[in-house]
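Observations on the model geometry
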Amino acid sequence: MAESFPFPTLLIFLIILSGLIFTMGYKLRDDPEAIKLASSDFGHFHRYNPAAVLYPASINDISSLIKFSNKVSTPFSIAARGHGHSTRGQAMAPNGVVVDMTSLKNYRPHVSGISVNSSKNSGININNNDNYADVGGGQLWIDVLHATLEHGLTPVSWTDYLYLTVGGTLSNAGISGSAFRFGPQITNVYEMDVVTGQGDFVTCSPQKNSELFFGVLGGLGQFGIITRARISLEPAPKRVKWVRMLYSDFSTFARDQERLISLNGRKQRNALDYLEGSLMLNQGPPDNWRSSFFPQSSHSRIVSLVTKRGIIYCLEVSKYYDEHTETTVKKELELLFKGLSFLPGFLFEKDVSYVDFLNRVRSGEEKLHSQGQWDVPHPWLNLFIPKSSISDFDAGVFKDIVLRRNITTGPVLVYPMNRTKWDDRMSAVIPQEDVFYTVGFLYSSGFDDWEAFEEQNEEILGFCDRAGLEVKQYLPHIKTQQGWINHFGSKWKAFLKKKALFDPKRILSPGQRIFNN
């Protein structure tokens, strides 16, 4: 669904003419190449042309741009764009200005407190004494990983895909199979620098400017642009025991997942470090773009199992270790697996490096790139489902809609999290129950058939509504103001208040369509 808009050349002229807004070294481009790159995203079925793209050389460039928009009689919209991995145009600014945050890769972020050590990337600074990293909002998590490992440290909460920016994931939540134990990425932040929707540069934390701090985390970019985040670090492991187990019964699969995430203390040595579940459908080989895992010798019997059952559920877990724990990790896993009810003979194990495990999606991405199958439409749907509703969801969606339509390509994730690992003061919205599931339909489609996947998404959401399932969207794509009010629920009034306080002219992140439906 492509939409293009005329360039407001007068606006660009005014911005360029205004000598008060940019420091030396900035680039404001409105050429076709820059516009094209900023007018689409990973979803590849929305296209909205900005008027221009800013490649800032400093944080002041961003601040000045926002202040200028506030001053003109008709403010123009501004959207921060990281790696462009949104799927619904959330990082776009129709007729406005897109800020390319990755151009600040080598900009040294403002750092308060004691001295730190810079990595080869000057946008990442490591504090070895207090175990944290000051990281620019435009930094990729893969670069954060490599920079912290140079000091024997690592963040503990990750996304499955590491080629995303820090500011981008913190504006949503940042989740993966580590969230059940370590919380989403937004709960592992000590402090941030934010440029608000009024152009003010603000350092915030739970103790200082806390309303902005908690608002921005999970705030979908509505209150400010994250230019620095102070991320907690812990000693890094060296290797990973990586295991997958197969199930034919959903209730057993869910029960075992919930049992395993009940062991979730951050310092609890016998707890897992990662847990995710997924569906295996009768479409193609048992490996998918996320990783190549199962031994070739087992492919035929796995395919036979999936063909017979229609859906098989895969439980994927990992346990990290180093030279101090390598003699005990195997025994710890054996104790954790004791009493689980996976299918006999369908447990598979790998031993890989820590980096290879965290970056496991990359090899699949490179393979799809080589086949021309990466830059295709991705009409994704991500949901949070209360534990009390997950069996109904399995029956009504997995075993009915998904099997009946038989179009699902790409992974379908389903795994539980603990609500206690989230901070309700933040803007991110989750179900109220102590345990809830994330379900991700990570579709890949062709350019001519993505509408069928959108129809499936609508049928899934319609089923949830009719069945009274209290679901919440993650990476939400909501089409009406009332839909957004329902999404935020009890947080809506606070969300409105913060918008009026930090971005009163509603300049930031128009692509979310919260205030400009």
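Keep in mind that this is a model prediction, so the values were computed, not measured. (Residues numbered from 1 in each chain as written. Predicted model: local features only at pLDDT ≥ 70, side-chain atom pairs only at ≥ 80, totals over all residues. Heavy atoms only, no water.)

This part covers the sheet that holds strand E3 (residues 78-81). Strands in a sheet are paired, the pairing made by backbone hydrogen bonds, and the direction either parallel or antiparallel. Read across the sheet, four strands follow the order E1-E2-E4-E3 without closing on themselves; strand pairing throughout is mixed. With one partner strand each, in any of the chains shown, strand E1 (27-29) and E3 form the two edges of the open sheet. Adjacent strand axes in the sheet meet at a mean angle of 25°, parallel and antiparallel pairs treated alike. Sheet topology note: the E3/strand E4 (residues 97-100) ladder contains four bridges and is parallel. Directly across from Ala-79, in E4, lies its bridge partner Val-98. (Pairing = 2+ DSSP bridges. Helix = DSSP H or I, 4+ residues; strand = E, 2+ residues; numbered from the N terminus. Axes fitted to C-alpha atoms, helices over the stretch in contact; angles between N-to-C directions.)

Turning our attention to the nonpolar core. Core analysis: the biggest nonpolar cluster contains 125 residues, and Met-192, Leu-246, Phe-393, Phe-398, Trp-422, Phe-441 and Ile-460 have the highest contact counts within it. Broken down by element, this core gets its largest block of residues, seven residues, from strand E15 (residues 311-321). Both domains that furnish three or more residues to this core are identified here as domain 2 (114-235) and domain 3 (239-473). In this view, Trp-422 contacts Ala-173, Ile-175, Pro-184, Ile-186, Thr-187, Phe-384, Met-417, Ala-428, Ile-430 and Phe-436; residues no more than four positions away in its chain are not counted. (Core = buried A, V, L, I, M, F, W, Y, C linked by side-chain atoms within 4.5 Å. Buried < 20%, exposed > 50% of the residue type's maximum accessible area, 1.4 Å probe, protein only. Domains from an automatic or database assignment. Contact = heavy atoms within 4.5 Å.)

Attention now moves to unusual backbone geometry. Positive phi outside glycine occurs at His-44, with the angle close to 60°. For Asn-131, which is not glycine, the phi dihedral falls at a positive 55°. Turning to its location among the elements, Asn-131 is positioned in the loop between strand E6 (124-127) and strand E7 (132-136).

The domain architecture assigned to the chain consists of domain 1 (7-107), domain 2 (114-235) and domain 3 (239-473). Of note, the centres of domain 2 and domain 3, computed from C-alpha atoms alone, are 25 Å apart. Taken together, the contact pairs 34 residues of domain 2 with 38 residues of domain 3. In total, about 2900 Å² of surface goes out of reach between domain 2 and domain 3, with carbon and sulfur atoms giving 58% of it. Across the domain 2-domain 3 interface, the total number found is four salt bridges. Notably, a salt bridge pairs Lys-267 with Glu-234, separated by 3.9 Å at the nearest N-O pair. At the surface where domain 2 touches domain 3, the tally comes to 20 residue pairs in polar contact (both at pLDDT 80 or more). (Buried area = accessible area lost by both parts, 1.4 Å probe. Salt bridge = Lys/Arg side-chain N within 4 Å of Asp/Glu carboxyl O. Polar contact = N/O pair within 3.5 Å; in protein donor to acceptor, adjacent residues only side chain to side chain.)

Turning our attention to the packing of aromatic side chains. Aromatic ring pairs: the centre-centre distance and the angle between the two ring planes describe each pair. As enumerated under the stated definition, the model contains 36 aromatic pairs in all. Ring centres of Tyr-320 and Tyr-354 lie 5.2 Å apart, and the angle between their planes is 80°; this geometry places the pair in the edge-to-face category. Within this pair, whereas Tyr-320 is found in strand E15, its partner Tyr-354 is found in helix H11 (residues 354-358), the two being separated by 34 residues in sequence. Pair check on accessibility: Tyr-320 and Tyr-354 agree, each one buried. Cluster of aromatic residues (ring-pair linked, three or more members): Trp-242, Tyr-274, Phe-293, Phe-294, Tyr-320, Phe-346, Phe-348, Tyr-354 and Phe-357. Over the face of the ring belonging to Phe-357 we find Arg-360, whose NZ or CZ atom lies 4.5 Å from the ring centre. If you follow Arg-362 out to its NZ or CZ, it ends over the ring of Tyr-163, 3.8 Å from the centre. (Phe/Tyr/Trp six-rings, centres within 6.5 Å; stacked < 30°, edge-to-face > 60°. Lys NZ or Arg CZ within 6 Å of the ring centre and 35° of its normal.)

Here we come to the confidence of the model for the chain. In this model, the chain carries an average pLDDT of 91, and 91% of its residues clear a pLDDT of 70 or more. Every residue in residues 1-8 scores below 50 in pLDDT, and together they form 22 contacts with partners more than four places removed in sequence or on other chains. Confidence over residues 17-25 falls short of pLDDT 50; this stretch has 15 contacts with residues more than four positions distant or in other chains. (pLDDT = per-residue confidence, 0-100.)

The next point concerns helix H15 (residues 481-488). Residues that lie three or four places apart on an α-helix share one face, since the helix turns once every 3.6 residues. Along H15, the positions that sit buried rather than exposed are Gly-483, Trp-484, His-487 and Phe-488. The buried side chains of H15 occupy one side of the element, clustering within an arc of 125° when seen end-on. The secondary structure elements touched by the buried residues of H15 are strand E20 (472-474) and helix H16 (492-502). Of the residues flanking the end of H15, it is Gly-489, one or two places downstream, whose phi is positive at about 55°. (Arc of directions from axis to C-beta.)

Enumeration over the complete set of coordinates arrives at 33 salt bridges. Linking Arg-255 and Asp-256 is a salt bridge whose minimum nitrogen-to-oxygen distance equals 3.9 Å. For Arg-255, a relative accessible area of 46% puts it in the partly exposed group. Note that Lys-319 is salt-bridged to Glu-332, the shortest N-O span being 3.8 Å. Of this pair, Lys-319 sits in strand E15 while Glu-332 sits in helix H10 (residues 329-337), placing them 13 residues apart in sequence. Assessed through its relative accessible area of 17%, Glu-332 is described here as buried. Each of the salt bridges in this network shares a partner with another, and the network as a whole consists of Asp-134, Glu-191, Asp-193, Arg-228 and Arg-230.

Another aspect to go through is the side chain of Ser-77. Mapped onto the fold, Ser-77 is located in the loop between helix H3 (59-71) and E3. Among the residues examined, Ser-77 registers a relative accessible area of 16% and is labelled buried. Those residues in contact with Ser-77 that lie beyond four places of it in its chain are Ala-93, Pro-94, Gly-96, Val-97, Ile-507 and Pro-510.

In this section: H10. Buried residues of H10: Val-329, Glu-332, Leu-333, Leu-336 and Phe-337, and no others. All buried residues of H10 lie within an arc of 130° about the axis, which places them on one face of the element. Residues of H10 that are exposed and point more than 90 degrees away from the buried face comprise Lys-331 and Leu-335. For H10, the secondary structure elements touched by its buried residues are strand E13 (239-247), helix H8 (250-261), E15 and strand E16 (347-353). Looking at the residues trailing H10, positive phi occurs at Gly-339, about 95°.

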